[in-house]
Amino acid sequence: MRYSLGSLLTNALTGNRNWKPVWREPEPKPNYDVVIVGGGGHGLATAHYLAKQHGITNVAVLEKSYIGSGNVGRNTTIVRSNYLLPGNEPFYEWSMKLWEGLEQDINYNAMVSQRGVLNVFHSDPQRDAFARRGNAMRLHGADAELLDREQVRKLVPFVDFDNARFPVRGGLYQPRGGTVRHDAVTWGYARSADQRGVDIIQNCAVTGFRIDDGRIVGVETEKGFIGAKKVALSVAGSSSRVAERAGLRLPIEAHVLQAFVTEGIKPLLDTVITFGAGHFYCSQSDKGGLVFGGDIDGYNTYAQRGNLPVVEDVAEGGMALMPIIGRLRLLRSWGGLLDMSMDGSPIIDTTPVDGLYLNAGWCYGGFKATPAAGWCFAHLIATGEPHPYAAAYRLDRFGLGRVIDEKGMGAQPNLH
Amino acid sequence: MRIKCPYCGERALEEFSYRGDATVKRPESLEPSAREAWVDYVYFRDNPAGLHKEHWHHSAGCHAWLEVTRDTRTHEIIDVAFAEKGR
């Protein structure tokens, strides 16, 4: 069923009894052209673009739990394209453009809200760095405005402008950035892929890979062997332990990032704001809660929960930027697993196994990349050639000295 | 998570800095022929879900380098020892 004003009215007038499930729950077929491992945002977006852009519909998406149970349901929903380096900025700007057309493309309300992303700065050197970043963005066709203190005051009057240690001097603003309802992205891509014939198979963990003479021939799963001409891994957070079953060792460490939401309050924050002197980023959800996060915990973990030092650090960052939130109570906090890559940038590439493709290493920035990652990964799977926007995301770049180190931290995953 | 430093006893996580996998070995050779071994040492990790040997520095304490064995699925610390020389 196509969603429209007409379908909404018809269903409303008939007591909403005739809505159908949004995707099928098929049993796996013995063989597929492409098997995508991982039913998160990236995997489902890949399935959608494989079907829509490349006409490849004999595809299964295998998810070990329910779709969207991983990071696409655990992030802080922020989308932006404010990157600096040439290998990154065109990719993220393409993702931003895909976000802008997403709801029409998949006929699903993903609540794309271009409420702007504001990075405040606190010193002259930081102003220079942000001006440089804004210029890099504009050179790649993205939007960026360098705001002075008074312009920032108009956007967020409650910020602690005269903080003794970190006074707010201005901000870098990307008006087209904002937030997207993360679960709706999962459901919308799933529905669109399903309607084009893709089988979404939930509760079906991949337990191994069948490789014949260096070429992939299928995957072993909880529901038996499934043959596939091509297999695409899109399991960020678990990339190392899944890829290990295909004999691959990756330049990745698993880490945890925590996020937090407060009790609902009246409208306060109508943009996304980030602190420039610590790590704190915040937006207000439609239910009224402030959603925020900060640094990763910084040690290898698969536990999907973090420790208290980061909770304290995030709270301190929030209080330094906007003391107005001091009396709010936290409703929930949670953790998501990250593929922290060795240079802080992702991997979309072929692997040493013929027919096995890898989408991994998204660090803590995978959500905003969802549409472009799906777009470029589908292009790679369908054509065998990297998409120009993702050509720098090679698996072999580490040995070649072509790292994309946005933060300049070197091979220290916990510092990116 | 608290780490039991052999010198200082059980201390809060904030006192320690993380350095990562303690099992990777720095290649002896600086010759071009050792390039692959260097790439492996600098960039590639086993990243296990389970027991992980890792280096921690007691940076806000006694400055000892520690080799901690920890379960990455539960954060349970199994063992803490001084880091060995040559690693």
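Since the structure is predicted, the reported quantities are computational estimates derived from the model, not experimental observations. (Residues numbered from 1 in each chain as written. Chains lettered and ligands numbered in written order. Predicted model: local features only at pLDDT ≥ 70, side-chain atom pairs only at ≥ 80, totals over all residues.)

What to know about the overall build of chain A
And then number 1: Helices and strands together make up the secondary structure of chain A, namely ten helices and 18 strands.
And then number 2: For 416 residues, the compact-globule formula gives about 22 Å, and the C-alpha radius of gyration of chain A, at 21 Å, lands near that figure.
And then number 3: The burial tally for chain A puts 52% of its 416 residues in the buried class. (Helix = DSSP H or I, 4+ residues; strand = E, 2+ residues; numbered from the N terminus. Rg over C-alpha atoms; globule rule 2.2 N^0.38 Å. Buried ≥ 20, exposed ≤ 12 C-beta atoms within 10 Å, placed from the backbone.)

A short note on the domain arrangement of chain A
Residue and element names in this part refer to chain A.
And then number 1: Along its sequence, chain A is carved into domain 1 (5-77 + 182-251 + 343-415) and domain 2 (113-176 + 253-341).
And then number 2: Centre-to-centre, using C-alpha coordinates, domain 1 lies 28 Å away from domain 2.
And then number 3: Counting from both sides, the interface comprises 23 residues of domain 1 and, opposite them, 20 residues of domain 2.
And then number 4: Of the residues contributing to the side of domain 1 that touches domain 2, the split by class is nine nonpolar, twelve polar and two charged. (Domains from an automatic or database assignment. Contact = placed C-beta atoms within 7 Å. Nonpolar A, V, L, I, M, F, W, Y, C, P; charged D, E, K, R; others polar.)

Describing the interface of chain A and chain B
And then number 1: The interface of chain A with chain B comprises 20 residues on the first partner and 19 residues on the second.
And then number 2: For the side of chain A that touches chain B, the elements supplying multiple residues, two or more each, are helix H7 (239-243), strand E12 (252-264) and helix H10 (397-400) of chain A.
And then number 3: A total of three residues in the side of chain A that touches chain B trace back to one element, the largest contributor, which is E12 of chain A.
And then number 4: A breakdown of the residues in the side of chain A that touches chain B according to their chemical character gives ten nonpolar, seven polar and three charged.

What to know about the pairing of strand E15 (residues 289-296) of chain A
All names here are of chain A.
And then number 1: Along E15, six of the eight residues are buried, which leaves the element largely enclosed by surrounding structure.
And then number 2: In this structure, strand E14 (residues 281-284) lies alongside E15, joined through four bridges in antiparallel fashion. Bridging from a neighbouring strand, Ser283 pairs with Val291 of E15.
And then number 3: Between E14 and E15, which pair antiparallel one after the other, the connecting turn spans four residues, and Gly288 there sits at a positive phi close to 105°. (Pairing = 2+ DSSP bridges.)

Quick word on unusual backbone geometry
And then number 1: The phi torsion at Thr77 of chain A lies on the positive side, around 65°, for a residue other than glycine.
And then number 2: Mapped onto the secondary structure, Thr77 of chain A falls in the loop between strand E2 (59-62) and strand E3 (78-79).

Let's talk about helix H6 (residues 182-195) of chain A
Owing to its 3.6 residues per turn, the α-helix aligns residues three or four sequence positions apart on the same side.
All names here are of chain A.
And then number 1: The terminal C-alpha atoms of H6, which comprises 14 residues, lie 20 Å apart, in line with the 20 Å expected from a rise of 1.5 Å per residue.
And then number 2: Judged by how many residues are buried, H6 sits mostly within the fold: ten of 14 residues are covered.
And then number 3: Listed in full, the buried residues belonging to H6 are His182, Val185, Thr186, Gly188, Tyr189, Ala190, Arg191, Ser192, Ala193 and Asp194.
And then number 4: Residues of H6 that are buried sit in contact with helix H2 (41-54), helix H3 (89-106), strand E8 (199-201) and helix H9 (370-383). (Expected span 1.5 Å × (residues − 1).)

Comments concerning H2 of chain A
All names here are of chain A.
And then number 1: The first and last C-alpha atoms of H2 sit 19 Å apart over 14 residues, in line with the 20 Å expected at 1.5 Å per residue.
And then number 2: Counting buried positions along H2 yields eleven of 14 residues, so the element is predominantly enclosed.
And then number 3: For H2, the full list of buried residues reads Gly41, His42, Gly43, Leu44, Ala45, Thr46, Ala47, His48, Tyr49, Leu50 and Ala51.

Overview of the packing of H2 of chain A against H9 of chain A
Residue and element names in this part refer to chain A.
And then number 1: Closest axis-to-axis distance for the H2/H9 pair is 7 Å, and the angle between their directions is 55°. The angle between H2 and H9 places the two elements in the oblique class. Note that H2 runs across H9; the crossing there is right-handed. Residues Gly41, His42, Ala45, Thr46, His48, Tyr49, Leu50, Gln53 and His54 of H2 form the contact with H9, whose participating residues are Thr370, Pro371, Ala373, Gly374, Trp375, Phe377, Ala378, Ile381 and Ala382.
And then number 2: When its residues are assigned to classes, the contact of H2 with H9 shows ten nonpolar, eight polar and no charged. (Axes fitted to C-alpha atoms, helices over the stretch in contact; angles between N-to-C directions. Parallel < 35°, antiparallel > 145°, perpendicular 65-115°, else oblique. Left-handed = near helix turned anticlockwise from the far one by under 90°.)

Notes on the packing of H3 of chain A against H9 of chain A
Packed helix pairs are characterised by how far apart their axes lie and by the angle those axes make with each other.
Residues and elements named next belong to chain A.
And then number 1: It is at 7 Å that the axes of H3 and H9 come closest, and there the two elements cross at 105°. With respect to H9, the element H3 is oriented roughly perpendicular. From H3, Phe91, Trp94, Ser95, Leu98, Trp99 and Leu102 reach across to H9, where they touch Pro371, Ala372 and Trp375.

Remarks on the environment of Ile273 of chain A
Residue and element names in this part refer to chain A.
And then number 1: Note that Ile273 resides in strand E13 (residues 272-274).
And then number 2: Along the chain, Ile273 and Leu118 lie 155 residues apart, while their C-alpha atoms are 4.8 Å from each other.
And then number 3: Once residues lying within four places of it in the same chain are set aside, the contact partners of Ile273 are Leu118, Val120, Val156 and Cys282.

Observations regarding the sheet that holds E15 of chain A
Residue and element names in this part refer to chain A.
And then number 1: An order of E5-E6-E4-E13-E14-E15-E12-E16 is seen for the eight strands of this open sheet, with the pairing classed as mixed. Bordering the open sheet on either side are strand E5 (145-148) and strand E16 (330-341), each of which pairs with just one other strand. For this sheet, the mean inter-axis angle between neighbouring strands, taken without regard to orientation, is 20°.
And then number 2: Against the sheet, helix H8 (residues 308-321) engages E12, E14, E15 and E16, with an angle of about 120° to E15.

Overview of the pairing of E12 of chain A
Residues and elements named next belong to chain A.
And then number 1: Among the 13 residues of E12, eleven are classified as buried, and the element is accordingly described as predominantly covered.
And then number 2: With eleven bridges joining them, E12 and E16 adopt antiparallel strand pairing. The residue of E16 that forms the bridge with Thr262 is Leu330.
And then number 3: Across five bridges, the pairing between E12 and E15 is antiparallel. By the bridge assignment for E15, Gly264 is matched with Gly289.

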